[in-house]
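Residue-level structure breakdown
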Amino acid sequence: MSTAPVVLVTGGAGYIGSHTLIALHEAGYAPVVVDNLDNASLRAIERVRALTQAQIPFHQVDLRDGPALSQVVAQHQPQACIHFAGLKAVGESVAQPLRYYHNNLLGTMELLRVLEEAECFHMVFSSSATVYGDAQEMPLTEDVPLSATNPYGRTKLFIEHMLFDVAAAQKRWRCMNLRYFNPVGAHPSGQIGEDPSGIPNNLMPFITQVAVGRRPHLQIFGDDYSTPDGTGVRDYIHVVDLAKAHVAALAALPKITGCEAVNVGTGRGSSVLEVLRAMEAASGRAIPYQVAPRRAGDVAVSYADPSKAQRLLGWQAEHDLTAMCQDAWRWQEQNPQGYAG
Ligand code: NAD
Ligand code: UFG
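Everything in this summary refers to the structure shown in the same document. Predicted, not measured: the structure shown is a model, and the values here were computed from it. (Residues numbered from 1 in each chain as written. Chains lettered and ligands numbered in written order. Predicted model: local features only at pLDDT ≥ 70, side-chain atom pairs only at ≥ 80, totals over all residues. Heavy atoms only, no water.)

Let's talk about the site of ligand 1
Taken together, 26 residues lie near ligand 1, and Asp35, Asn39, Phe84, Lys88 and Tyr152 sit nearest. One of the backbone N or O atoms of Ile16 is found 2.8 Å from an oxygen atom in ligand 1. Within the backbone of Leu63, a nitrogen or oxygen atom sits 3.0 Å from a nitrogen atom of ligand 1. Secondary structure elements with two or more residues in the shell around ligand 1: helix 1 (15–26), strand 5 (122–128) and helix 6 (151–169). Broken down by element, the residue count for the shell around ligand 1 peaks at three residues, all from strand 5. Its residues assigned to classes, the shell around ligand 1 comprises 12 nonpolar, nine polar and five charged. (Near = heavy atom within 4 Å. Polar contact = N/O pair within 3.5 Å; in protein donor to acceptor, adjacent residues only side chain to side chain. Helix = DSSP H or I, 4+ residues; strand = E, 2+ residues; numbered from the N terminus. Nonpolar A, V, L, I, M, F, W, Y, C, P; charged D, E, K, R; others polar.)

What to know about the sheet that holds strand 6 (residues 174–180)
As summarised here, the arrangement of the seven strands in space is 3-2-1-4-5-6-11, forming an open sheet in which the pairing is parallel. This sheet does not close on itself; its edge strands, each paired only once, are strand 3 (58–60) and strand 11 (258–264). Sheet twist, expressed as the mean angle between neighbouring strand axes with direction ignored, is 20°. In this sheet, strand 11 lies alongside strand 6 in parallel orientation, the contact comprising seven bridges. (Pairing = 2+ DSSP bridges. Axes fitted to C-alpha atoms, helices over the stretch in contact; angles between N-to-C directions.)

A word on the site of ligand 2
Within the structure, ligand 2 sits among 20 residues, and Asn202, Gln219, Arg234, Arg295 and Asp298 are positioned closest to it. Between an oxygen atom of ligand 2 and a main-chain N or O atom of Phe221, the distance comes to 2.9 Å. Its free accessible area being 690 Å², ligand 2 has 87% of it covered by the protein chains. A per-element tally of the shell around ligand 2 places strand 8 (residues 218–221) first, with four residues. Grouping the amino acids of the shell around ligand 2 by side-chain chemistry returns 10 nonpolar, seven polar and three charged. (Areas by Shrake-Rupley, 256 points an atom, 1.4 Å probe, with all protein chains shown as cover.)

Re the side chain of Asp305
Note that Asp305 resides in the loop between strand 14 (301–302) and helix 10 (307–313). One buried charge, Asp305, has no salt-bridge partner; the nearest side chain with opposite charge is Arg311, at 6.3 Å. In this structure the side chain of Asp305 is engaged in a polar contact, spanning 2.7 Å, whose partner is the side chain of Ser307. (Buried < 20%, exposed > 50% of the residue type's maximum accessible area, 1.4 Å probe, protein only. Lys, Arg positive; Asp, Glu negative; His and termini not counted. Salt bridge = Lys/Arg side-chain N within 4 Å of Asp/Glu carboxyl O.)

Some words on the environment of Val61
Note on placement: Val61 falls in the loop between strand 3 and helix 3 (66–76). Sequence separation between Val61 and Tyr180 is 119 residues; the distance between their C-alpha atoms is 25 Å. If we ignore the near neighbours within four places in the chain, the residues touching Val61 are Val34, Asp35, Asn36, Ala68, Leu69 and Val72. (Contact = heavy atoms within 4.5 Å.)

A look at the packing of aromatic side chains
Counting across every chain of the model gives four aromatic pairs. Pairing Phe121 with Trp173 gives two aromatic rings, centres 5.3 Å apart and planes at 90°, and the pair type is edge-to-face. Of this pair, Phe121 sits in the loop between helix 5 (97–117) and strand 5 while Trp173 sits in the loop between helix 6 and strand 6, placing them 52 residues apart in sequence. One exposure class covers both Phe121 and Trp173, and it is buried. Seen in terms of ring centroids, Trp331 and Tyr339 are 5.0 Å apart; in terms of plane orientation they differ by 55°. Their pairing is tilted. Just as Trp331 is buried, Tyr339 falls in that class too. (Phe/Tyr/Trp six-rings, centres within 6.5 Å; stacked < 30°, edge-to-face > 60°.)

Brief notes about the pattern of salt bridges
Scanning the entire structure with this criterion turns up 13 salt bridges. Arg277 is the salt-bridge partner of Glu280, the closest N and O atoms lying 3.1 Å from each other. Residue Glu280 and its partner Arg277 are located together in helix 9 (residues 272–283), separated by three residues, close to a single helical turn. A salt bridge links Arg295 to Asp298, with the shortest nitrogen-to-oxygen separation between them at 3.1 Å. By relative accessible area, Arg295 is classed as partly exposed at 35%.

Set out below in structure tokens:
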């Protein structure tokens, strides 16, 4: 029997989760996936199994189904949990706030209850730079006052508070709230990547769909920000680097007490036009665009101070924007219709 530490990965069939399964396997962990497939395809799991040559267990379970979740936890007895499962579309959360609160908050509450029962007290949680609201001072450090500008962001904020509260009440808890900046890119194999349903909300999948011919042009939301070229600036982080940050966070849990929040970004900002040019170079294709009005709720600039991740996790990003675009393009070119193709 294998002695690899078992890690429960909620939302493991999704974009970031599937990449993290590979990083976990490579680091000697035994991941077990729980996902309701609400926003994912079983093909992602099949491809991860093929890439790793490992029979990663998969359970199609909704986190809000306590008895089913308990059964999975009793069967595998995880030593830690990486909690990705949640709904993540900002605009949808404004239109359907109750669906977001129900899914993200109740799902997390049920998960925490089941893990406590099983005495599994180690957790890495997918938080987001969205918890910095519209903070203006860059780079963003973890002690910037937190706020939220939409229901999705509020679920992240509430869950961070929830984890601080449970860790204060039960001293065996160790939680790492990883605040991701803008995850992009794909596994270098081109076998797994981001596969948004419907029209992509985020820049990178939209750009790759234009490059591959699925959409006629990109809309750039505003070119009159006070940034060097007038377009919005973000801290894009390669999903493989992000996956490795989760492995580093798991390894660091024993040396912290309670809960810690950690930024996961590169510390460098890129504008929309820079990303577009980098993707043109990676794909060898022209990417037509039109300038449109600013998108409601967007900030001009957002990038991380990632020094705490280096200090606490011994982690730093390794991939630059060129690599992010090359890998995102390889995935899109090999899978023009995503997993459905
Ligand atoms: P994703 O949608 O690809 O993955 C989330 C997964 O969770 C999906 O596979 C979905 O089917 C599953 N899921 C949702 N609700 C569930 C439930 N109740 N029970 C079981 N499974 C459920 O998203 P992603 O981009 O991989 O993001 C992962 C996490 O990181 C999310 O919590 C997201 O909010 C957070 N995050 C993402 C970004 C980003 O830009 N991608 C940025 C910051 C934070
Ligand atoms: N943009 C365009 N056109 C598009 C899409 C985006 O010009 O079609 C611009 C935006 O205006 C912004 C930049 O590209 O300047 C990045 O936008 P994204 O939608 O890719 O990313 P955001 O920074 O708006 O938001 C993302 C996630 C949020 C998360 C946040 C911080 O979608 O969930 O990063 O982690 F909260």
